[in-house]
Amino acid sequence: MIVEGSIFPLARANVDTDQIIPTRFLGSLDLRGLGRECFSGLPGIDRLYAVHPDATIVAAGENFGAGSSREHAVWALQGRGFRAAIAPSFARIFEENAYNNGFVVCAVPPDAIDAVLAARSARIDVAAESILLDDGRTVEFKLDPLRKEFVLGGGFLAYMEAQIPEIRAWEAAKS
Amino acid sequence: MTAERTLFAKVWDAHRVRDLPGNNALIFIDRTVVYELLGPPAIEQIETRYGGALYDPRRLVAVNDHVVPAKDSSTAEQAQVLRTWARKRGVLLYDVGENGICHVLVPERGLVVPGSTVVCSDSHTCTLGAFGAFAFGVGSTALAGAMLSGATIVARPKVMRVFVRSRLQGGATAKDLALGVVARLGFKGGTGYVLEFAGDCIAALSMEERMTLCNMAIEAGATTGICAVDEVTISYMRGREFSPGGEAFERAAAAWRTLVADDGAAYDAELRIDAGELVPTVTWGTNPGQSAPLEGIVPHDAEPAALAYMELEPGTPLRSIALDQAFIGSCTNARIGDLRAAAAVLAGRKVAIPTIVTPGSQAVKRQAEREGLHDVFQDAGALWTHATCGACPGLSTGVLAPGMRCISSTNRNFPGRMGAGGRVHLASPVVVAASAVMGRIASPSELEAPVLA
Ligand code: SF4
């Protein structure tokens, strides 16, 4: 799986889920409009969108996706056309939600993020866990070996379904 | 396996079905909580792809809590999806009228068992760690996974012992301890950890106070918090709607008493706090780690972007900051003890700004009314509402306008959290109450004697 595109440089840490998709947009069953509101909790975002209208890869500071468990944060990013995020670290629930939706999260070494933020575009090789920047530099990242399968092949729920017999047997043996 | 285990390790070991590749394990889930705002995407996946199949409907509980009653047609649809599904699939449902914020309602009904595992599509599920449970938030798809399979995948967290000695004093509350933990760890310092709270200060806390503390573990990025089971836990569990009765309770309690860390258990990290040094605390910034003593100032090294959003200058005394609204509510601080404490401050006084008091559950509301607290709030000029998340997530009953400044007993002060452009200062219920009277950030100790009728 290759994700290739231009960088959306969010040069700040702790971009929380209320900033990615404010709570007021969660009060609906209709998820189609979420992309329009992506990052609408971030002051000054319109200027960044104007400069980078076609960006598909978010680059950000540490602790991206902190806060709430809303999977809507991932759906909003995807709805806006983003396919991956690169940051020194991600909040746990956001990262899991990303894996479960095939949204690529690349946790890169902290000293590599400045080069990513400065790049115009990147080519992420998910299977190889490697990012090639447009200036020729490469940055490595590590994916969770189990959840990587969900990114590459989807199927988190199918995986869980396949575990049911073992889970039932475990529960029966315990009680 | 070494002989001495942390409390977390005991709960983990008792629920580990199997280790998985990487650092992951398949963890059995005893209780899955589904609510109207983030539950429907999980319900839809299960209904459309798996014919509505559930691992065990008796392990589920459904709660309408975030926007109760619905504020418009689209939130009404969400509530309707939840109740229709719960009825159809035989899931225990708490609906409008007997509703409550799930993290308040689940414990008060006895639905979180000490030493159990709980997931919910809400990050503040960590609140239930107060019961020695491994309780944590997950996304909607992972919630669907737990509904379908009775288990979930967890990357094994590290365990940090947060050892709190001495006693809270000088007006400091469990909320100030929670803010103190978050400030010391920083907004992400707990990432990858479970915070295992220990020490004589924790032992002296009530269950409600332990819930307030565990509630904010996520605000340091931690997977969750957890407290040892003791007699305080066991007496809380006694007589709850879903607690066992008689002999069965005593047998259960005997098992629960083993839910403590072994002496000599090794931790991955430790944070030590002297509770005697904690003081009433208020946030000045845009994440819960950005706080300062109530008697102090906005720090000189404060993050400029946060100050710009909050429209504050470094060096400003917190007690000089004028407010537009006060809010007492949320899964952090809207249990009966919180309302009693706030009412004690407001008794015989008048609020100077719009003040909204929202109990954490309808059961809390009814208890408060039996005690006459609703009269205290309303005599003071505050609005006494029904139970809901309401203003905390900026969805109903107290949403802020751009630029409005609110002091709040909640847990998140993110930009726009309580309404686009709104500014939030987090504090304990007593500081919120005192600030409501003064119309600026204030301490209960500076209020003049109440005018008694
Ligand atoms: S009260 Fe606030 S923090 Fe708690 S569950 Fe509701 S919205 Fe979330």
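Go over the overall build of chain A, please, and point to the residues and values.
Of regular secondary structure, chain A possesses seven helices and seven strands. Its C-alpha radius of gyration of 17 Å places chain A within 12% of the 16 Å reference for a compact globule of 175 residues. Structurally, chain A occupies a C-alpha span of about 60 × 40 × 25 Å along its principal axes. Expressed as a percentage of its 175 residues, the buried residues of chain A come to 56%. Look at the contacts in chain A between residues 6 or more apart in sequence, and 66% of them connect residues 24 or more apart. Per element, the accessible surface of chain A, about 7000 Å² overall, is 51% carbon and sulfur. The averaged location of the 23 negative side-chain charges in chain A is 4 Å from the averaged location of its 17 positive side-chain charges.

Before we move on, could you go through the sheet that holds strand β4 (residues 60-63) of chain B and cite the residues and values that matter?
All names here are of chain B. Sheet architecture is open: five strands sit in the order β5-β4-β3-β6-β7, paired in parallel fashion. Strand pairing shows two members of the sheet lacking a second neighbour, β5 (92-94) and β7 (134-137), which therefore form its edges. Across this sheet, the average inter-strand angle for adjacent strands is 20 degrees, counted without regard to direction. As paired strands, strand β6 (residues 117-120) and β7 are joined by four bridges and run parallel to one another.

Kindly report on the domain arrangement of chain B, identifying the contributing residues and their values.
Residues and elements named next belong to chain B. With domains assigned, chain B is organised as domain 1 (7-272) and domain 2 (280-446). One C-alpha centre belongs to domain 1, the other to domain 2; they are set 25 Å apart. The partner domain 2 presents 38 residues to the 35 residues of domain 1 that form the contact. Carbon and sulfur atoms make up 59% of the area that domain 1 and domain 2 hide from each other, which totals about 2800 Å². Here domain 1 is connected to domain 2 by one salt bridge. Summed over the shared surface of domain 1 and domain 2, the result is 22 residue pairs in polar contact (both at pLDDT 80 or more). Taken together, the residues of the side of domain 1 that touches domain 2 sort by class into 14 nonpolar, 13 polar and eight charged.

Account for the pairing of β4(B), naming residues and giving values.
All names here are of chain B. Side chains of β4 alternate between two faces, with L60 and A62 and V61 and V63 buried alike. Here four bridges tie strand β3 (residues 31-35) to β4, and the two strands are oriented parallel to one another. Across the sheet, residue T32 finds its bridge partner in β4, namely L60. A crossover connection joins β3 to the parallel β4 through helix α2 (residues 40-50); in handedness this β-α-β unit is right-handed. Handedness of the β-α-β unit built from β4, helix α3 (residues 73-89) and β5 comes out right-handed.

Which residues make up the site of the ligand, and what are the values?
Residues and elements named next belong to chain B. Inspection of the region around the ligand gives H66, I101, H103, D122, H124, S330, C331, C389, C392, P393, N411 and R417 as its neighbouring residues. For the shell around the ligand, the residue count by class is five nonpolar, five polar and two charged. The residue makeup of the shell around the ligand includes at least three contributed by each of domain 1 (7-272) and domain 2 (280-446).

I'd like to hear about the pattern of salt bridges, residue by residue, with values.
Tallying each qualifying case throughout the model produces 38 salt bridges over all chains. Residues K148(A) and E129(A) are paired through a salt bridge, measuring 2.9 Å at the closest nitrogen-oxygen approach. Here K148(A), found in helix α6 (residues 147-153), pairs with E129(A), found in the loop between β5 (121-125) and β6 (130-133); they are 19 residues apart in sequence, far enough to count as distant. Its relative accessible area of 9% is what places E129(A) among the buried residues. E219(B) is paired through a salt bridge with R412(B); the nearest N and O atoms lie 3.1 Å apart.

Explain the packing of aromatic side chains residue by residue, including any values.
In total, this model carries 20 aromatic pairs over all chains according to the counting rule given. Geometrically, the ring pair formed by F150(A) and Y159(A) is edge-to-face, given 5.4 Å between the ring centres and 70 degrees between the ring planes. A relative accessible area of 4% means that F150(A) is categorised as buried. The interplanar angle of 85 degrees and the centroid separation of 4.9 Å between the aromatic rings of F8(B) and F134(B) together place this pair among those described as edge-to-face. A residue pair is termed long-range when its members are at least 10 positions apart, and F8(B) in helix α1 (residues 7-15) and F134(B) in strand β7 qualify at 126 residues. With respect to burial, F8(B) and F134(B) carry one shared label: buried.

With reference to specific residues and values, describe the side chain of T332(B).
You can see T332(B) is positioned in the loop between β15 (325-328) and α12 (336-346). When neighbours within four sequence positions are excluded, T332(B) is seen to be in contact with K175(B), T212(B), N215(B), M216(B), D338(B), S409(B), T410(B) and N411(B).

Describe in detail the state of the cysteines, supporting the description with residues and values.
Overall, the coordinates contain zero disulfides over all chains when judged by the stated rule. The structure places no disulfide on C214(B), whose sulfur is separated from the nearest cysteine sulfur, that of C227(B), by 3.7 Å.

Provide a residue-level description of the sheet that holds strand β11 (residues 224-227) of chain B, including the pertinent values.
Residue and element names in this part refer to chain B. What the four strands build is an open sheet, ordered β11-β10-β9-β12; its pairing is parallel. Whereas interior strands pair on both sides, the edge strands pair on one side only; in this sheet they are β11 and β12 (269-274). Within the sheet, the average angular offset between the axes of one strand and its neighbour, ignoring direction, is 25 degrees. As paired elements, strand β9 (residues 158-165) and β12 share six bridges and run parallel to each other. Residue pairing in the sheet places V164 in a bridge with I273 of β12. Helix-sheet contacts for helix α8 (residues 207-215) involve β10 (193-198) and β11, and the interaxial angle to β11 is about 155 degrees.

Which residues make up the packing of α2(B) against α3(B), and what values do they have?
All names here are of chain B. Remark: α2 packs on α3, axes separated minimally by 10 Å, with the N-to-C direction vectors making an angle of 45 degrees. As the angle between them shows, α2 and α3 are arranged oblique. The handedness of the crossing between α2 and α3 comes out as left-handed. Residues P40, I43 and E47 of α2 lie in contact with α3, whose contacting residues are Q78, V81, L82, W85, K88 and R89. Class assignment for the residues of the contact of α2 with α3 results in five nonpolar, one polar and three charged.

Any details on the interface of chain A and chain B? Residues and values, ideally.
Facing the 47 residues of chain A at the interface are 62 residues of chain B. Seen at the junction of chain A and chain B, the total is four salt bridges. As a salt-bridge pair, E166(A) and R18(B) come within 2.8 Å of each other at their nearest N and O atoms. Where chain A meets chain B, there are 21 residue pairs in polar contact (both at pLDDT 80 or more). Only α1 (17-20), α3 (72-79), α4 (92-100), α6 and α7 (156-174) of chain A provide two or more residues apiece to the side of chain A that touches chain B. Looking at the side of chain A that touches chain B element by element, the count peaks at 14 residues for α7(A). Here the side of chain A that touches chain B is composed, by residue class, of 18 nonpolar, 15 polar and 14 charged.

What counts and what doesn't
- Residues numbered from 1 in each chain as written.
- Chains lettered and ligands numbered in written order.
- Predicted model: local features only at pLDDT ≥ 70, side-chain atom pairs only at ≥ 80, totals over all residues.
- Heavy atoms only, no water.
- Helix = DSSP H or I, 4+ residues; strand = E, 2+ residues; numbered from the N terminus.
- Rg over C-alpha atoms; globule rule 2.2 N^0.38 Å.
- Buried < 20%, exposed > 50% of the residue type's maximum accessible area, 1.4 Å probe, protein only.
- Contact = heavy atoms within 4.5 Å.
- Areas by Shrake-Rupley, 256 points an atom, 1.4 Å probe, with all protein chains shown as cover.
- Lys, Arg positive; Asp, Glu negative; His and termini not counted.
- Charge placed at Lys NZ, Arg CZ, Asp CG, Glu CD.
- Pairing = 2+ DSSP bridges.
- Axes fitted to C-alpha atoms, helices over the stretch in contact; angles between N-to-C directions.
- Domains from an automatic or database assignment.
- Buried area = accessible area lost by both parts, 1.4 Å probe.
- Salt bridge = Lys/Arg side-chain N within 4 Å of Asp/Glu carboxyl O.
- Polar contact = N/O pair within 3.5 Å; in protein donor to acceptor, adjacent residues only side chain to side chain.
- Nonpolar A, V, L, I, M, F, W, Y, C, P; charged D, E, K, R; others polar.
- Right-handed = clockwise from strand over helix to strand, strands pointing away.
- Near = heavy atom within 4 Å.
- Phe/Tyr/Trp six-rings, centres within 6.5 Å; stacked < 30°, edge-to-face > 60°.
- Disulfide = S-S within 2.5 Å.
- Parallel < 35°, antiparallel > 145°, perpendicular 65-115°, else oblique.
- Left-handed = near helix turned anticlockwise from the far one by under 90°.

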